Amino acid sequence: MTCMKTDKKTIKKNLIITALYISIMQSILIGIFSPFEMYLPQKEDYLFSGWELAPYCLAITIGFLIAGMCYRTVAILINKTLGRIVLAISTGLTLAIYIQGTYVKNRFGILDGSEIDWSQFKADGIRSIIIIVIALVLSLTYFLLSKDVKSKIIRVACICIMLMWTVTLSILLINNNGFGKKPTYVTSTDNENRLSNNRNFIILILDTFDSDAFAKAMDRNPELYEGWLEDFTYYPDTLGAYPRTNLAVPFIVSGVQYKNEETYGEYLNKAFAASDMLAAAKDQGWHTEMYSNAKMPQAPDVAENIDNIYKVKKVPKSHKQLLIDMYKLVGFRYLPYHFKKYCWINPDDLESLMVDEGQSTTFSWWNDDFSPTIDSLYGSS
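So, how was this worked out
Residues numbered from 1 in each chain as written. Predicted model: local features only at pLDDT ≥ 70, side-chain atom pairs only at ≥ 80, totals over all residues. Heavy atoms only, no water. Helix = DSSP H or I, 4+ residues; strand = E, 2+ residues; numbered from the N terminus. Rg over C-alpha atoms; globule rule 2.2 N^0.38 Å. Buried < 20%, exposed > 50% of the residue type's maximum accessible area, 1.4 Å probe, protein only. Contact = heavy atoms within 4.5 Å. Areas by Shrake-Rupley, 256 points an atom, 1.4 Å probe, with all protein chains shown as cover. Lys, Arg positive; Asp, Glu negative; His and termini not counted. Charge placed at Lys NZ, Arg CZ, Asp CG, Glu CD. Patch = residues over 30% accessible without salt bridge, like charges linked within 9 Å, V, L, I, M, F, W, Y side chains within 5 Å. Salt bridge = Lys/Arg side-chain N within 4 Å of Asp/Glu carboxyl O. Axes fitted to C-alpha atoms, helices over the stretch in contact; angles between N-to-C directions. Left-handed = near helix turned anticlockwise from the far one by under 90°. Nonpolar A, V, L, I, M, F, W, Y, C, P; charged D, E, K, R; others polar. 1 Å grid on protein atoms, 1.4 Å probe; cavity = no way out; pocket = protein on both sides within 12 Å on 5 of 7 lines; lining within 4 Å. Points joined across faces, edges and corners; volume = space filled by probe spheres on them. Arc of directions from axis to C-beta. Polar contact = N/O pair within 3.5 Å; in protein donor to acceptor, adjacent residues only side chain to side chain.

**Some thoughts on the overall build of the protein chain**
Link 1 in the chain: Secondary structure assignment for the protein chain yields 15 helices and four strands.
Link 2 in the chain: The C-alpha atoms of the protein chain give a radius of gyration of 28 Å, which is well past the 21 Å a tight globule of 381 residues would have.
Link 3 in the chain: Considering only C-alpha atoms, the protein chain reaches an extent of 105 × 45 × 40 Å along its principal axes.
Link 4 in the chain: By residue count, 37% of the 381 residues in the protein chain fall in the buried class.
Link 5 in the chain: Sequence separation of at least 24 residues holds for 76% of the intrachain contacts in the protein chain that already meet a minimum separation of 6.
Link 6 in the chain: A total of about 23400 Å² of accessible surface is found on the protein chain, and carbon and sulfur atoms cover 60% of it.
Link 7 in the chain: With 37 positive and 39 negative side-chain charges, the protein chain shows a separation of 24 Å between the mean positions of the two kinds.

Structure (structure tokens):
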């Protein structure tokens with residue numbers, strides 16, 4: 001009788017140790033690996049430093065570890081069979097999530113603010129279910145039928161997976177110069193409403209503006225605009241090479257196409273350096289300003305050819321919202337198909353969340369930001 005009690009205690013102890021391995025692996029996947037495996041390769045495209053996320057991701061990791069150990073330990077102490085089932089389900093779901101985010105190709109396109117028609121991807125939903133079912137069946141089969149009370153295979157597998165994640169993140173950190181992010185060149189509002197008494201050359205790019213709406217307004221009341229639009233040339237049928245501002249603006253400025261042959265940052269530096277228009281303006285003594293939310297070149301010798309560009313460090317207005325938005329991106333990639341639609345996010349939300357550290361003169365394309373500057377010129381009505 002005493003021998004039986006000792007064996008039960010030993011089994012439960014071994015299951016709790018195995019639960020610790022699983023909890024550590026799951027919490028690292030959720031709290032550290034998944035967000036930074038997404039952030040680091042695209043650090044150039046994010047406005048915030050990885051250090052803005054790191055302490056909060058560490059707290060999430062610790063929180064998941066504590067919570068995971070608590071409910072798994074309670075299940076094991078109640079009944080070892082229940083404990084095995086809980087370990088099996090959590091292991092299977094962790095495996096399914098990892099496979100979904102790492103090895104299953106995302107066919108939903110890029111997150112560019114466009115709504116996704118989820119009805120077109122029913123096959124992806126079926127595939128997600130199949131992955132989850134297979135992972136759960138394999139995990140339940142092992143935990144319920146295996147005689148390996150120490151679950152050595154699971155422990156070794158957890159260690160190997162975590163070592164693989166460590167190597168992956170280490171390489172990403174080295175290749176992308178760590179979590180830090182240098183101050184970036186952005187366009188400011190300097191001289192936004194200043195015009196020369198001699199000669200001005202202005203190019204207006206009305207992003208997402210409907211050309212037909214402008215033409216109809218002109219046709220209805222042409223006499224209203226004749227004086228205002230003197231010396232103004234309107235191109236109603238102009239077609240840009242790209243639908244997104246960050247690619248359209250450098251192409252308009254330079255005529256150099258982006259063909260994915262280098263990083264986006266390298267392309268910006270190359271395109272602006274090759275711009276005949278900017279070079280001619282500089283040679284002829286023009287003051288050249290750009291007012292755009294599009295990303296600017298980061299090479300000093302290129303960026304400083306534009307008079308209203310300056311360096312600034314971006315920080316989030318709310319770390320809580322930054323964390324929510326970042327984990328929505330993680331969920332969009334890693335969660336099964338049926339949960340992805342709840343993680344949809346407009347990437348512009350991440351950009352609008354960032355502000356300049358210590359100053360607030362970065363150009364904004366919002367009408368509400370621009371309107372007061374008009375009032376300051378002509379007086380409020």
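From this point, the narrative continues.
**Focus: a nonpolar patch on the surface**
Link 1 in the chain: A cluster of nonpolar side chains, contributed by Leu195, Ile202, Leu204, Leu206, Phe209, Phe232 and Tyr234, occupies part of the molecular surface with about 720 Å² of accessible area.
Link 2 in the chain: Relative to the elements of secondary structure, Leu204 occurs in the loop between strand S1 (184-187) and helix H6 (211-220).

**A few points about the packing of helix H3 (residues 80-102) against helix H4 (residues 122-145)**
Link 1 in the chain: Look at H3 against H4: their axes get within 8 Å of each other, and the N-to-C directions meet at 145°. Handedness of the crossing formed by H3 with H4: right-handed. On the side of H3, the interface is formed by Arg84, Ile85, Leu87, Ala88, Ile89, Thr91, Gly92, Leu93, Leu95, Ala96, Ile99 and Gln100, while H4 contributes Ser128, Ile131, Ile132, Ala135, Leu136, Ser139, Leu140, Phe143 and Leu144.
Link 2 in the chain: Tallied by class, residues from the contact of H3 with H4 come to 15 nonpolar, five polar and one charged.

**Here we look at the environment of Ile174**
Link 1 in the chain: Position of Ile174 among the secondary structure elements: in helix H5 (residues 152-175).
Link 2 in the chain: Taking the C-alpha atoms as reference points, Ile174 and Leu40, separated by 134 residues in sequence, lie 9.9 Å from one another.

**Brief notes about the layout of surface pockets**
Link 1 in the chain: Space inside the second largest pocket adds up to approximately 270 Å³.
Link 2 in the chain: Taken together, 15 residues form the lining of the second largest pocket, with Thr91, Leu95, Ile154, Ala157 and Ile161 sitting closest to its centre.
Link 3 in the chain: Looking at the lining of the second largest pocket, the elements with two or more residues in it are H3, H4 and H5.
Link 4 in the chain: Here the residues of the lining of the second largest pocket are counted per class, giving twelve nonpolar, three polar and no charged.

**Here's the deal with helix H9 (residues 264-273)**
Link 1 in the chain: All of the buried residues along H9 are Tyr264, Gly265, Tyr267, Leu268, Ala271 and Phe272. Relative to the axis of H9, the buried residues are bounded by an arc of 155° and lie together on one face.
Link 2 in the chain: The inward-facing, buried residues of H9 contact helix H8 (245-254), helix H10 (276-283) and helix H11 (300-303).

**Some remarks on the environment of Asn308**
Link 1 in the chain: Here Asn308 lies in the loop between H11 and strand S2 (309-312).
Link 2 in the chain: When its relative accessible area of 1% is taken as the criterion, Asn308 is described as buried.
Link 3 in the chain: As a C-alpha pair, Asn308 and Thr187 span 121 residues in sequence and 5.8 Å in three-dimensional space.
Link 4 in the chain: Setting aside residues up to four positions removed in sequence, Asn308 forms contacts with Val186, Thr187, Ser188, Asp190, Thr288, Glu289, Met290 and Tyr291.
Link 5 in the chain: Among the polar contacts made by the side chain of Asn308, one reaches the main-chain carbonyl oxygen of Met290 at a distance of 2.6 Å.

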